[in-house]
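Each chain, written out:
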Amino acid sequence: MGGGAAGLMAALELPKALKVLLLCRDSELRSASRWAQGGLAAAVGHDDSPHLHRADTLEAGAGLCEPAAVDLLVQEAPNCVERLLQLGLPLDRDGSQLSTTLEAAHSRRRVLHAQDQTGRALVELLEQRVRQQTNVCWLQGGLVLQLWLESNRCCGLQLLFGAQLGWLQAGAVVLATGGGGDLFANTTNPSTARGDGVAMAWEAGAVLRDLEFVQFHPTALMHPGAPHFLLTEALRGEGARLLQSNGEALGAHASEMLPRDQLSRAMVREMKRTKAQRLWLDLQPVGKTKLQQQFPMIIKRCQQLGLEPLDKPLPVAPAAHYWMGGVATDLKAATSVQGLYAVGEVASSGIHGANRLASNSLSECLVMARQLKDLTPISISAKASSNSYNNVESLDWQCDANLTITAQLASKKLQQLCWQVAGVERWGSSLREAEKQAKGLQNLLDLDAKLKPFLAQKPGQLYSVSAKQQEKFEILWDQRQRNLVSRLLLQAAAFRAESRGGHFRRDAPLPLPYWQCHSLQKRGENLRTAAVGL
């Protein structure tokens with residue numbers, strides 16, 4: 001499930017003897033991977049090593065990285081780069097060597113790139129390769145509602161596709177649905193980043209880990225009427241400077257490459273102090289030639305918006321960018337539910353800890369997808385049902401138009417609430433109050449009851465769904481999932497009474513030794529902690 005880098009690479013890496021169905025909700029090809037500008041991190045330079053990459057990753061992760069997972073990443077990332085070159089990825093070169101750039105908290109220039117469109121180049125290459133695989137069927141425009149469980153094993157899923165709602169049997173399900181940036185009003189993510197995979201995994205009984213840790217990118221474009229377009233920190237690695245509203249530098253030159261959480265907090269505090277809605281990023285120190293050669297897409301996009309990035313500073317502010325937490329997995333990408341796997345941003349593989357090292361995410365997608373190369377599907381009993389249907393029933397469901405309007409308003413309210421309360425800086429009492437508000441919205445809409453005809457469908461049943469029913473259902477469904485995942489995030493943020501990595505509490509501003517542990521959430525159980533490295 002998912003058509004970004006993780007899902008596409010998983011489809012390529014799964015054993016060729018398997019029949020693979022690649023499901024994407026949107027008929028348009030959109031993913032956070034496609035929007036990735038900076039690149040992918042791998043120790044390929046003469047002055048670099050997996051040991052140094054490991055040290056930087058652990059330092060950024062603030063004590064919550066799983067050492068074994070980090071070891072896997074730094075050792076396998078160069079091999080994945082070689083595989084991508086063999087597949088045809090046009091990474092930039094400096095003579096005969098791969099070109100690298102510097103990003104925040106890296107001690108070496110180790111971020112490989114294809115100009116400032118690395119994610120797009122990678123995803124388009126993987127799409128091309130997936131279409132060449134005879135064992136992969138790619139289905140776009142299908143909405144997965146819930147996972148199919150038999151005897152505590154995942155053996156398929158419920159799918160709404162076209163005019164039909166039914167169940168698909170599978171020997172394994174791989175979640176590659178991305179993160180939850182769209183839970184926040186300000187985000188660099190596409191609107192598809194709603195946390196759907198986290199919601200489905202939680203409802204299936206999977207363990208979630210470290211949901212409180214969200215990375216806020218310091219430099220998202222904040223231009224009226226424009227999306228919060230990411231301005232890669234590779235710009236700052238090449239010399240771009242952050243400026244206050246009065247045109248003076250935000251801090252010392254070294255502060256430009258602080259870890260993202262620290263720089264975002266410095267920016268938010270300056271904005272609060274001056275009551276400004278944005279700061280400014282001056283690209284001129286990079287030089288026009290390098291800007292046009294290395295960052296052409298950023299320059300073009302800004303110019304289309306009427307900005308002059310080569311001559312004048314750009315308006316920027318922090319925005320939700322990446323979710324370190326997710327569905328807990330082991331080194332084989334397996335979750336706590338047998339038959340269910342997760343790769344990419346939806347997963348908590350243990351690599352990122354409390355704060356992701358810049359550009360480790362694309363590398364993680366590739367490395368963890370490769371771990372699926374030996375996946376063995378579970379056997380499905382005859383009792384579990386088959387994929388054949390004898391009768392198609394018309395779904396008996398109607399929806400009041402006012403309910404969909406109320407749901408859309410509730411979604412906007414939740415986005416604002418998460419941004420205000422669970423954004424760059426947090427406060428315990430505000431988090432708990434926000435959770436109550438989210439629960440109040442849930443009770444007001446009562447969507448589980450209103451959507452029961454969909455959710456109560458049994459395996460073996462097949463419903464026909466009209467276009468009007470589907471349109472209204474998707475609005476209500478998105479709000480239901482958003483409410484669930486927002487509450488899980490708020491609960492985790494209220495639970496961790498310290499500050500660490502991407503989680504900063506104004507009422508508990510220091511990291512505490514006894515909180516150097518993971519937070520775990522599982523349906524029907526209280527929040528608990530787990531030691532790192534076990």
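Just above, that's the structure.
Here the structure is a predicted model, which is why all the values come from computation and not from measurement.

## Re the overall build of the chain
Stage number 1. Broken down by element type, the chain carries 16 helices and 23 strands.
Stage number 2. A globule of 534 residues ought to have a C-alpha radius of gyration of about 24 Å, and the chain, at 23 Å, matches this closely.
Stage number 3. For the chain, the residues scored as buried account for 58% of the 534 residues in total.
Stage number 4. Long-range pairs, those at least 24 residues apart, make up 74% of the contacts in the chain between residues at least 6 apart in sequence.
Stage number 5. A total accessible area of about 21400 Å² is found for the chain, and carbon and sulfur atoms account for 49% of it.
Stage number 6. Seen as two clouds, the 57 positive and the 50 negative side-chain charges of the chain have centres 3 Å apart.

## Quick notes on the packing of aromatic side chains
The geometry of two aromatic rings is summed up by the distance between their centres and the angle between their planes.
Stage number 1. Evaluated as defined, the whole model comprises seven aromatic pairs.
Stage number 2. Ring plane angle 20° and centroid distance 5.6 Å describe the contact between Phe473 and Trp477, whose orientation is recorded as stacked. Separated by four residues within a single helix, Phe473 and Trp477 lie in helix 16 (residues 467-495), roughly one turn from each other. Of the two residues, Phe473 and Trp477, both sit in the buried class.
Stage number 3. One aromatic cluster is present, built from ring pairs that chain together Trp397, Phe454, Phe473 and Trp477.
Stage number 4. Above the plane of the ring of Phe229 lies Arg301, whose end atom (NZ or CZ) is 4.3 Å from the centre.
Stage number 5. Over the face of the ring belonging to Tyr322 we find Arg356, whose NZ or CZ atom lies 4.3 Å from the ring centre.

## Overview of the sheet that holds strand 21 (residues 462-464)
Stage number 1. One open sheet accounts for five strands, arranged 8-9-10-21-20; its pairing is mixed. The open sheet terminates on both sides in strands that have one partner only, identified here as strand 8 (142-150) and strand 20 (392-394). Strand-to-strand twist of the sheet, defined as the mean angle between neighbouring strand axes without regard to direction, takes the value 30°.
Stage number 2. In the sheet, strand 10 (residues 164-169) pairs with strand 21 via two bridges, with the strands oriented antiparallel. The residue of strand 21 that forms the bridge with Leu165 is Tyr463.

## Considering unusual backbone geometry
Stage number 1. Even without being glycine, Ala62 reaches a positive phi, approximately 55°.
Stage number 2. With respect to the secondary-structure elements, Ala62 resides in the loop between helix 3 (50-60) and helix 4 (67-87).
Stage number 3. The backbone of Lys275 sits at a positive phi, close to 55°, despite the residue not being glycine.
Stage number 4. Mapped onto the secondary structure, Lys275 falls in the loop between helix 8 (260-274) and strand 15 (279-282).
Stage number 5. Judged by its relative accessible area of 76%, Lys275 is exposed.

Rules of the game
- Residues numbered from 1 in each chain as written.
- Predicted model: local features only at pLDDT ≥ 70, side-chain atom pairs only at ≥ 80, totals over all residues.
- Heavy atoms only, no water.
- Helix = DSSP H or I, 4+ residues; strand = E, 2+ residues; numbered from the N terminus.
- Rg over C-alpha atoms; globule rule 2.2 N^0.38 Å.
- Buried < 20%, exposed > 50% of the residue type's maximum accessible area, 1.4 Å probe, protein only.
- Contact = heavy atoms within 4.5 Å.
- Areas by Shrake-Rupley, 256 points an atom, 1.4 Å probe, with all protein chains shown as cover.
- Lys, Arg positive; Asp, Glu negative; His and termini not counted.
- Charge placed at Lys NZ, Arg CZ, Asp CG, Glu CD.
- Phe/Tyr/Trp six-rings, centres within 6.5 Å; stacked < 30°, edge-to-face > 60°.
- Lys NZ or Arg CZ within 6 Å of the ring centre and 35° of its normal.
- Pairing = 2+ DSSP bridges.
- Axes fitted to C-alpha atoms, helices over the stretch in contact; angles between N-to-C directions.

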